[in-house]
Every structure is written in C-alpha cells, then in structure tokens.
Protein chains: 2
Amino acid sequence: MAKTKLIPEHLRIDSEKVSQKLAAFIQNSVKSSKTKGVIIGLSGGLDSSTVLALAATTFPPHKILGLIMPERDSSLDSESDAKLIAKITGIKYDRVELTPILDKMGIYQHIPKVIFSQKNLAGAAVMGGYKLYTKLTGERPFLSGLKGTNFGLIKRTNAYYRMKHRLRRTILYSYAERENLLVMGTINKTEYLTGFFVRYGDNAADIMPLINLYKTQVWLLAKFLRIPDKIINKAPSPDLIPGITDEFAIGISYEKLDLILSELSRNETIQDIATISNTKPKTIEYVKELVKRSEYMRIMPYIPSD
Amino acid sequence: MAKTKLIPEHLRIDSEKVSQKLAAFIQNSVKSSKTKGVIIGLSGGLDSSTVLALAATTFPPHKILGLIMPERDSSLDSESDAKLIAKITGIKYDRVELTPILDKMGIYQHIPKVIFSQKNLAGAAVMGGYKLYTKLTGERPFLSGLKGTNFGLIKRTNAYYRMKHRLRRTILYSYAERENLLVMGTINKTEYLTGFFVRYGDNAADIMPLINLYKTQVWLLAKFLRIPDKIINKAPSPDLIPGITDEFAIGISYEKLDLILSELSRNETIQDIATISNTKPKTIEYVKELVKRSEYMRIMPYIPSD
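Given the structure is predicted, the values throughout are model-derived calculations rather than measurements.

How each quantity is defined
Residues numbered from 1 in each chain as written. Chains lettered and ligands numbered in written order. Predicted model: local features only at pLDDT ≥ 70, side-chain atom pairs only at ≥ 80, totals over all residues. Heavy atoms only, no water. Helix = DSSP H or I, 4+ residues; strand = E, 2+ residues; numbered from the N terminus. Rg over C-alpha atoms; globule rule 2.2 N^0.38 Å. Buried < 20%, exposed > 50% of the residue type's maximum accessible area, 1.4 Å probe, protein only. Lys, Arg positive; Asp, Glu negative; His and termini not counted. Charge placed at Lys NZ, Arg CZ, Asp CG, Glu CD. Contact = heavy atoms within 4.5 Å. Buried area = accessible area lost by both parts, 1.4 Å probe. Salt bridge = Lys/Arg side-chain N within 4 Å of Asp/Glu carboxyl O. Polar contact = N/O pair within 3.5 Å; in protein donor to acceptor, adjacent residues only side chain to side chain. Nonpolar A, V, L, I, M, F, W, Y, C, P; charged D, E, K, R; others polar. Least-squares fit on C-alpha atoms with pLDDT ≥ 70 in both. Axes fitted to C-alpha atoms, helices over the stretch in contact; angles between N-to-C directions. Parallel < 35°, antiparallel > 145°, perpendicular 65-115°, else oblique. Pairing = 2+ DSSP bridges. Core = buried A, V, L, I, M, F, W, Y, C linked by side-chain atoms within 4.5 Å. pLDDT = per-residue confidence, 0-100. Expected span 1.5 Å × (residues − 1). Arc of directions from axis to C-beta. Domains from an automatic or database assignment.

## Quick look at the overall build of chain A
So, step 1. Secondary structure summary: chain A contains 16 helices and four strands in total.
So, step 2. In summary, chain A has a C-alpha radius of gyration of 19 Å against a globular reference of 19 Å for 306 residues, a match within 12%.
So, step 3. When burial is assessed residue by residue, chain A has 59% of its 306 residues classed as buried.
So, step 4. Distance from the positive charge centre (44 side chains) to the negative charge centre (31 side chains) of chain A: 3 Å.

## Considerations on the interface of chain A and chain B
So, step 1. Counting residues at the interface gives 50 residues for chain A and 50 residues for chain B.
So, step 2. The contact between chain A and chain B buries some 4600 Å² in all, and 61% of this surface belongs to carbon and sulfur atoms.
So, step 3. Of all residues in chain A, Glu177, Arg178 and Pro304 of chain A give up the largest surface area on contact with chain B, accounting jointly for 14% of the area buried on that side.
So, step 4. Between the two partners, chain A and chain B, sit six salt bridges.
So, step 5. Of the charged contacts, one joins Asp206 of chain A and Arg199 of chain B as a salt bridge, the two residues approaching to 2.5 Å between their closest N and O atoms.
So, step 6. Applying the counting criterion to the chain A and chain B interface returns 22 residue pairs in polar contact (both at pLDDT 80 or more).
So, step 7. Mapped onto the side of chain A that touches chain B, the elements with two or more residues apiece are helix 1 (15-33), helix 4 (99-104) and helix 8 (152-179) of chain A.
So, step 8. Ranked by residues supplied to the side of chain A that touches chain B, first place goes to helix 8 of chain A with 14 residues.
So, step 9. Counted by class, the side of chain A that touches chain B contains 22 nonpolar, 14 polar and 14 charged residues.

## Some points on the relation of the copies chain A and chain B
So, step 1. With an RMSD of 0.0 Å, chain A superimposes on chain B once it is rotated by 180 degrees and translated 0.0 Å along the axis. Both copies are brought into coincidence by an operation consistent with a two-fold rotation axis.
So, step 2. A share of 100% of the interface residues of chain A reappears at the interface of chain B, consistent with the copies meeting face to face through the same patch.

## Details of the packing of helix 1 of chain A against helix 10 (residues 215-224) of chain A
Residue and element names in this part refer to chain A.
So, step 1. The interhelical angle for the contact between helix 1 and helix 10, taken along N-to-C directions, is 90 degrees, at an axis separation of 9 Å. Comparing the axis directions of helix 1 and helix 10 gives the class roughly perpendicular. Between helix 1 and helix 10, the residues in contact are Ser15, Glu16, Val18, Ser19 and Leu22 and Leu220, Leu221 and Phe224, respectively.
So, step 2. Here the residues of the contact of helix 1 with helix 10 sort into five nonpolar, two polar and one charged.

## Remarks on unusual backbone geometry
So, step 1. Phi at Asn267 of chain A takes a positive value of approximately 60 degrees, unusual for a residue other than glycine.
So, step 2. What makes Asn267 of chain A exposed here is its relative accessible area of 68%.
So, step 3. Residues other than glycine seldom take positive phi values, yet Asn180 of chain B does so here, at roughly 60 degrees.
So, step 4. Overall, Asn180 of chain B belongs to the buried group, its relative accessible area being 5%.

## A word on the sheet that holds strand 4 (residues 181-183) of chain A
All names here are of chain A.
So, step 1. Spatially, the four strands line up as an open sheet ordered 3-2-1-4, and their pairing is parallel. Edge positions in the sheet fall to strand 3 (92-95) and strand 4, since each of these pairs with one other strand and no more. Pairs of neighbouring strands in the sheet enclose a mean axial angle of 30 degrees, with direction left out of account.
So, step 2. Where strand 2 (residues 64-68) lies against strand 3, four bridges are found, and the strand directions are parallel. When the bridges of strand 3 are listed, Ile68 appears paired with Arg95.

## Topic: the nonpolar core
So, step 1. Of all hydrophobic cores here, the largest spans 190 residues; its most connected members are Ile171 of chain A together with Ile171 of chain B.
So, step 2. Excluding anything up to four places from it in sequence, Ile171 of chain B contacts Met105 of chain A together with Leu67, Met69, Val96, Leu98 and Ile101 of chain B.

## Points about the pattern of salt bridges
Residue and element names in this part refer to chain B.
So, step 1. Within the structure shown, the criterion is met by 30 salt bridges over all chains.
So, step 2. Note that Arg72 is salt-bridged to Asp73, the shortest N-O span being 3.0 Å. The pair Arg72 / Asp73 is uniform in exposure class, with both members buried.
So, step 3. The salt bridge involving Glu289 is made with Arg293; its shortest N-O contact spans 2.8 Å. Placement of the pair is Glu289 and Arg293 together in helix 15 (residues 281-293), with a separation of four residues, close to one helical turn.

## Comments concerning the confidence of the model for chain A
As a note on interpretation, predicted positions should not be read in detail where pLDDT is low.
So, step 1. Per-residue confidence for chain A gives a mean pLDDT of 91; residues scoring 70 or more make up 94%.
So, step 2. What the predictor reports for the complex is a pTM of 0.94 with an ipTM of 0.92.

## Topic: the packing of helix 2 (residues 46-56) of chain B against helix 3 (residues 76-89) of chain B
Residues and elements named next belong to chain B.
So, step 1. For the pair helix 2 and helix 3, interaxial distance at closest approach is 10 Å and the crossing angle is 10 degrees. In terms of orientation, helix 2 and helix 3 fall into the roughly parallel class. Contacts between helix 2 and helix 3 involve Ser49, Leu52, Ala53 and Ala56 from the former and Ile85, Ala86 and Thr89 from the latter.
So, step 2. Class assignment for the residues of the contact of helix 2 with helix 3 results in five nonpolar, two polar and no charged.

## Structural notes on helix 1 of chain A
All names here are of chain A.
So, step 1. Relative to the 27 Å expected for 19 residues at 1.5 Å per residue, helix 1 spans 27 Å between its end C-alpha atoms, a close match to the ideal helical length.
So, step 2. Within the sequence span of helix 1, burial applies to Ser15, Val18, Ser19, Leu22, Ala23, Phe25, Ile26, Ser29, Val30 and Ser33. Along helix 1, the residues classed as buried sweep out an arc of 155 degrees about the axis, all on the same side. Opposite its buried face, helix 1 presents the exposed residues Lys17, Gln20 and Lys31, each directed more than 90 degrees away.

## Concerning the sheet that holds strand 1 (residues 37-41) of chain B
Residues and elements named next belong to chain B.
So, step 1. Ordered in space as 3-2-1-4, the four strands form an open sheet in which the pairing is parallel. Two strands lie at the open edges of the sheet, namely strand 3 (92-95) and strand 4 (181-183), each paired on one side alone. Strand after strand, the sheet turns through a mean of 30 degrees between neighbouring axes, direction not considered.

## Notes on the domain arrangement of chain A
All names here are of chain A.
So, step 1. Entries for chain A in the domain assignment read domain 1 (7-110 + 162-251) and domain 2 (252-294).
So, step 2. Taken together, the contact between domain 1 and domain 2 spans 19 residues of the former and 16 residues of the latter.
So, step 3. For the pair domain 1 and domain 2, the summed buried surface comes to about 1500 Å²; carbon and sulfur atoms form 64% of the total.
So, step 4. It is His10, Thr194 and Ile250 that lose the most area in domain 1 upon contact with domain 2, and together they represent 32% of the buried surface on that side.
So, step 5. Linking domain 1 to domain 2 there are nine residue pairs in polar contact (both at pLDDT 80 or more).
So, step 6. Put simply, the parts of the chain that give the side of domain 1 that touches domain 2 at least two residues each are helix 9 (189-194), helix 10 and helix 12 (246-250).
So, step 7. Here the residues of the side of domain 1 that touches domain 2 sort into nine nonpolar, six polar and four charged.

In structure tokens, the structure reads:
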C-alpha cells in the first residue's frame, strides 16, 4: 500500500478502536431512530465500501441493503466493484438504472452525447477544458464552481454532475422510507472541508460515519477492514464524468491535501505548512480558499438573524 | 381576513419592518454568493407566494425565476395560483411536468392509480385511513411518520409524497446551477419546529427567508405584500396527496398551533398553555412531542463525536 506511506505520524489512527467506535455509532443510530437497519448507495469506491464494511461488523447481512445506481457515464468498474463488496459482506443489493430517468429529466442534452460515446474522449475533452480554464483564469474550475459563476461551461458541468447525485439520494430515500432503513452517507473529512461533495446530494443522509476521518485515514481503516486492494488502490473518483478523478479535479494528492488540512486546523502559518508539506505557499493558499469558499455548504441553508 | 383574528398580541409583527429586513437578507445573500438572482419553486401556496413577493420588492423581475412543477396528484388550483402570483410580480417562470419522471422512477405504482382517478376518492380514502390509524394506535400518522415505523401504509405514504419534494429540489437546483441563481426555500417556523417538511426535500435551499416567522405571521406579512386573498384564504396544503391539508395532517389549527409553540418556547407549563390556548393538555403534549421527534430533521446528518 504505497498510498499510505506518506501519511504523517499524527494522522495515523488506531484502526481497530476507530472501527469499533464507528460500528457502535451506527448501531446506536439505528436504535434511536427506530429503523430496522441501514441502507447505503454503493459506488464501488473506497468510502462507500468502508462504510458498508463498518456496518457489516455490527449488523447481520439481512439488516443492510445496498443500492447500485449506475447511469450512462458510470465506469463499468464501479458496478463490478460495488457487487464485489456486496458479495464479500453477504448483503442484499438492488440495482436501479438511472439513465432512463436522467434522460426524462433532460440532463443528457446539456453535454453532447457524442462526447460520451467514447469514454476516453470525454475524459480528454473535460481535462483539456479544465486545464485551459485554469490557465486562462488562474483558478481551478473546482474552486470557481464552489460559488456562483457566470462561466457557461462550469455552470453546465455543475448542473450536469450534481443532478446525478441528487437523483441518487432521492431514490435512496424512497427505498429507505419504504423499508424503514437508516441512510448512511459516505463523506469523509477531506471532502467535507474542501467542499468536494454535492450539497443536498451525497451530504443528504441520516448518519455520516466517516466525517471525522481524513481520506488517508479512511485508507488505513479500509485496510484494517480487509477491503479488497482492487478497491483501495484504484484512483478515487466521483464517477460522474468519465476520466475525472478526485485528485485531478482538486489538483492535489490526498496525502498532501490531508497534511495541509490538518496543519491548517492546528493554525500553523502558510510558510510553516509549505515547509512541512514540501509544497508551494500558493498551494496552501488554494486549500485555505477551498475551505473558506465551501463554508456555506456546511451551513445549510442560510437564515436571517432573528 | 378571519384567519388572523385569533393571533395573539405578542405574535403580531410590524409587517413593513419585517418585509424590509427580509428583502435586505435576500439581496445580501445574492451578493455574497455571487449569483445573478434568485429561483423559487412556485406551488401556488401562501409561503412560496410570500417569498416571491419579498424578492420582488428588492429585485427587478428579470432577476427572479419561478418554477412550476405539477404532477399527477397536484390540485389544478395550485398551478393557476402559481401563475397568478408570477403574473402579479411580472417574473418569468418555467413549467416542468413531473409525472413522466415520477412514472419512470416507479413511484406511482405504490399507490394504486385507480384511487387517483377521482381526486375526491383519494382524499376520502387517505382521510379514512388516517382517522382509523389514529383511533387504533392513539397516535396521528404524521407523528408516527416522523421516526422509523414498520406500519406498511405509513412507510409507503412517506416514500410516496417525500419523493415528489426531493425530485422538485433536484430539478430546481439544476436550473439554479445552469442559470447561476440562488435557491430560495419557503419553510416557516411552524413547519420547521413541528417537522412539517421533507428532509432534503423542501428544506434543501440556499436561503430560508421565512424561518423565523410562524405561519400566522406569514399570513400577516402576505397581507401586507398584497398577496391575493384567493391565495391567503385557501386552506394551506402540501398538495402531495389530494384532499390532505396541513391542518388535517397535523390535526390542529395554525392559530392554535402557533400559540402553543410560542408559549412552549417561553417555557410555560403544559397546564398554563392549556388554559391560555383553551386546549386540552393532551394536545399540548402532542405538539411538544412533534417538536421533540422532529429534532433530528433540524440537525443533519448525525455525526459521530470526534
């Protein structure tokens, strides 16, 4: 696991203790909500696999339902990895194909279909646009997209990928309500602090077990929970636009990002963090700006003072 | 306006002052979010009409977009009232018919279509079931539905009506993101405190201007803003299941409910509130229980302690 080599000492966790604590949290949440068990959307990625594995340490398989919700642009790996973790934990899962629904919602018309006929082409096109935008504006599209923007392509892309997550939550909740299950979310601390989630999309959940763990700590926990290496080692991706990985969108590796975020939370200076993380001060400023601009996503919604 | 006759002195508001304050709140929110204007889902009801009218006091019409999203079970009045308030404020609106999308999502199969072929029949059936359930369990379905329940009809009904609201937010946000607009929510203090909203449905918004106003205070504000009497005087309804009004679902009039809620917030005793509001102590307990059981809906989502 080369990925966790760079994790600094103070971000290491006692995986066994953390696992037990989070399993108890999930168990207690089900009890107090008077639900029968839990439900989770399975993307085949690290976070949802880890949350599922945590639940599986405290519930028998029949108390856990997985939902696999692929759509036109999903990677084929996502579905097979989701099925793999469902099989390992022995849970039941259902599959809802989102393409016909998204089609009826008119979403696909906003990004020409021809781009997606060849997935590599889509990735290349988006990546090219991403780099060009960054060069022209001096700001990464992900950062620009966190607040209002009048740049057409960013607006359309935001609407395009966010709708998928929101539709997934709508379907997940309809299952949860029909079966009396608690919805488990999968957002980790890194995503939460940087705004790397969809507001009212994947942050819409009943419980959020990973919220206090940085992404690199989720890696450690996943390893402890024996998540297959295939899932741990693949490049984390929101799987919303072909070829776009988390680290490409954010523009910085998770090891570095977590180190910077944790140092920022300890109120270290930009210069000190730059030295500790062997990063340009400009990058630290960028991470600080991600946290600042995404603040509204953690307070929802804004209300007038009384 | 017979409806506001019973509002006690201490719940009266200075409508002009409140209107100015809330308009400034909306204006400032747009500025700080760098959006171009606001968007709102228009149901033809009091709350959305009032929020629209507030926005219209501070923005020219072209900075406001309304979205009318009817579906199979919507009352015909809802759409004509939504169009009426759009016309009065001079704003543009778009119409998205939800029925084909909800159909693809498989929601309608959960409540037999024949029930909805005649709207009065649907209302009568749901009302009959509602009363029967209350009689058998000693608890209103609305209260039971706030937490996990294994009662089949409540589970199905919850999934049925909540999906509609969540789909509306998904569509509203896709418009908002494409047009760079701020999403205005319409939840008032009475709904918020009693859990009379759909979590990640109508509470999913960027700003929530009415959150500090009880429903009866929204009536006062609406009158000041010259909302047509037709809209002010019709029975408030979520318009999700034909015939089911707010007051039927909650089981208590808004005047009484607001009085009880405000007395509870002043820490009056059950017995004192019963006397002041001329209500049975059992009803006060019921309102207290609504507030208690809906607490999780105001904290979202639950997270483990650090």
